[in-house]
Structures are given as C-alpha cells and as structure tokens.
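As a plain string of letters, each chain reads:
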Amino acid sequence: MDDSQLIREWIAATARTLDTVEPSASLTDLRPLSTITADATVVGIGTSTRSAHEPSTVMHRILRFLVEENGFRSVLLEGDETKSSELAEFVSTGRGDAREILAEARSFWRTEEILGVLEWLRSYNEAHPADPVRLVEATEPADTSWQDSLSTIERHLAESVIEWHERTGDRIVYWGGLAHTVVGPRRLVTQSTSVERQRNAGSYLREHFGADYRSIGVTFGNGTMPHEVPDPPEDYAEHTLSAAGLAPYVLDLHAVAPAPVRAWLSTPTKTRLIGPSYDPANDAAYHLSGQSLDEWFDAVAHIPTVTPQRTLLH
C-alpha cells in the first residue's frame, strides 16, 4: 500500500461524517470535537471562503455546539467593526433589525447565512436570559498606516479577543477567515499576483493562550460560489481531504496516526484561500502556504462540494 492510499484510508477511518450541514439539526455528530474544544478558552473557526453556503452553515453548527455543549459565551464575528456594536445590541436585547444592519455591512456579512447566525444567537438569549451569549464589540485599529496596516490588523484582531476575555472571563468563539484564525506565525497568503507574509491573529492567540487556543479550519474541494471552482491541485491539502471520498466530515488532526500520515500532516502544504476577487482560470494562485496542516489546525471540517451563499434579501 502506498502512502497516498494509507492517508486516504486513515482519513476515512478517523473522520466523523456529518449527518447534515444545516444549522438547526441535532449536534450529535459534532460531539467528537469535544476532545479538542472542551477545555479551550478560545476556538477559532476559519473558512477558506466566505462566498459559499455550506462552510457558513457548518461553522454555524460548530458555533452552536460550542455554545450549547461546551459553554462558550462570547462570539467575535470578524470583518466589520463598524456594525459590531449595533449587532451586539440586537443579540443582547433584541433592539434593532439585524437584516437592516447587515444590509449596510461589508459584503461578506450581507448573507442569509450570517443573518441566521445572529437570529439564532438572539433566540438562544431569549431562551437563556440568565446565561446569555454576547457578541464581541470590536473596534477599529488605532494605527492604520499603509506601511504596517496588514500587520496591525492581525495584531488588533488578536488583541480584541484577548481584551474581551480579560474583561468578561468568557470563553470565546472567533469566527473568521482561515488566513486570520490559523496558527500562522509563518503563513504566506497568495491571491493571484499578490503575496503577503505577516504573522497572523491566530499565532498571537496561540502565543497568549497557549494550547487553550484551538484552531478549526473549514475547507472544501470544488463547487460554485458563484464562479465554478475546479478540483484542487494535487499539492493542496484539499486534494487529499477530498480523495477520501466522504460526505462532509470533521477530522481530529491529533488523532493517533501511522508515521506516513503524521509525516503528511506535518509537511508544509497549501490550502485554498478564496476572497472576493477570484479568477477560476488561475485557481492555483489563491492559497495559504508556508506551514503544515497540523501547525495551522487542531481539526478540519471538510466539505467536498459547495454551493453559492444566499445573498441577503430585503
């Protein structure tokens, strides 16, 4: 048996396939995540794209699991600090209209999937008034100089989580983009001809919280969003994750594994990273690289095929 087949068979034997990707379903299939998340202070859930339906709904299910099963009580929803206070008020008190607030937010928040998250948080708080979940009220970085803007943003994201934890003592779910949530002290972000290397938020959080910061990556193989995204190149982690031939699944990267599998997990690789600007004809030029799967993540939720996100309707 060659190493590639051994790795595929290990994934098939170790992964827990998901019964569904829809947010309101039973969470029984996610209970294996407790070995990773039960003792964590902060869990980062990062997606390789914000333009597809299934990654958002799987993240929603994981968020529900962390709140309902593991006792997390704050959520940092990364991406639009200007709207976070209004949305925090909605989640806490029901004041305001989440749909109207999102309609004025950044484009990747203007989706039915994000609205569903906020409405679920509000309904949870209505049902648990003595033990509510709070949305982190993020602020913009004070230093937005061009020369240091990307590094400043990464550090600021981490500081927002750290300061909120110090103020509230809450266990926090950090919902964001994969490039920010991975443990990435040496991560390399490639978007077409743009190449960026900065230490990221996840690396600062691992430095501060140690093993109490856990990273879950949400990856996918191919699909439509709305561009057609082809099968991943062979040197991408998603190529092997999809080759296992499973329905959507979660995989504990700390699970016992034979030496060839451990070598694959610890060898530097690439993973998809698709932002608002994407050229499917140049698919291989949109990725995260510079580190290995088991450096970036504690667990992966992998979705073989995705469909478009649902644009917010007014």
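Figured I'd write up the structure that's included with this text. (Residues numbered from 1 in each chain as written. Predicted model: local features only at pLDDT ≥ 70, side-chain atom pairs only at ≥ 80, totals over all residues. Heavy atoms only, no water.)

This brings us to the overall build of the chain. Across its full length, the chain holds twelve helices and 13 strands. At 18 Å, the chain has a C-alpha radius of gyration in line with the 20 Å of a compact globule built from 314 residues. Dimensions of the chain, computed from C-alpha atoms along their principal axes, come out at roughly 60 × 45 × 40 Å. In the chain, which comprises 314 residues, the share counted as buried stands at 53%. Surface accessibility of the chain: about 13,000 Å² in total, with carbon and sulfur atoms responsible for 49%. (Helix = DSSP H or I, 4+ residues; strand = E, 2+ residues; numbered from the N terminus. Rg over C-alpha atoms; globule rule 2.2 N^0.38 Å. Buried < 20%, exposed > 50% of the residue type's maximum accessible area, 1.4 Å probe, protein only. Areas by Shrake-Rupley, 256 points an atom, 1.4 Å probe, with all protein chains shown as cover.)

A separate point is the pattern of salt bridges. One pass over the structure, following the stated rule, counts 18 salt bridges. Of the charged contacts in the structure, one is a salt bridge between R16 and D19, with a shortest N-O distance of 3.6 Å. Take R16: its relative accessible area is 27%, and that puts it in the partly exposed class. Among the residues examined, D19 registers a relative accessible area of 59% and is labelled exposed. Linking E154 and R187 is a salt bridge whose minimum nitrogen-to-oxygen distance equals 3.4 Å. Placement of E154 in helix α7 (residues 149-168) and of R187 in the loop between α8 (178-181) and β6 (188-191) is noted, with a sequence separation of 33 residues between them. For the pair formed by E154 and R187, the shared burial category is buried. Each of K83, E86 and E104 takes part in salt bridges that share partners, so that together they form one network. (Salt bridge = Lys/Arg side-chain N within 4 Å of Asp/Glu carboxyl O.)

As a further point, take the sheet that holds strand β12 (residues 286-289). Sheets are built from strands paired through backbone hydrogen bonds, the pairs being either parallel or antiparallel. Spatial ordering of the open sheet is given by β7-β6-β12-β11, a layout of four strands whose pairing is antiparallel. Edge positions in the sheet fall to β7 (194-196) and β11 (271-272), since each of these pairs with one other strand and no more. Pairing of β6 with β7 involves three bridges; the strand directions are antiparallel. Bridge pairing in β7 places V189 opposite E196. (Pairing = 2+ DSSP bridges.)

Ranked by size, the top nonpolar core spans 56 residues in total, and within it I62, L118 and L135 carry the most contacts. Apart from the residues within four sequence positions on either side, L118 is in contact with L77, L87, F90, V91, L102 and L135. (Core = buried A, V, L, I, M, F, W, Y, C linked by side-chain atoms within 4.5 Å. Contact = heavy atoms within 4.5 Å.)

This part takes up the packing of aromatic side chains. Each aromatic ring pair is described using two quantities: the centre-to-centre distance and the angle formed by the ring planes. Going through the model one piece at a time under the given rule, you end up with three aromatic pairs. Summarising the aromatic geometry, the rings of W120 and Y124 are spaced 5.5 Å apart at their centres and angled 45° between planes, so their arrangement reads as tilted. Pair noted here: W120 and Y124 are both in helix α6 (residues 112-127), with a separation of four residues, about one helical turn. You'll find W120 and Y124 in the same group, each marked buried. Plain terms: the ring middles of Y278 and Y286 are 5.1 Å apart, the flat faces sit at 70° to each other, and that makes the pair edge-to-face. You can call Y278 buried: its relative accessible area is 8%. Accessibility expressed as a relative area gives 5% for Y286, which makes it buried. Taking NZ or CZ as reference, R171 lies 4.3 Å from the ring centre of F72, over its face. (Phe/Tyr/Trp six-rings, centres within 6.5 Å; stacked < 30°, edge-to-face > 60°. Lys NZ or Arg CZ within 6 Å of the ring centre and 35° of its normal.)

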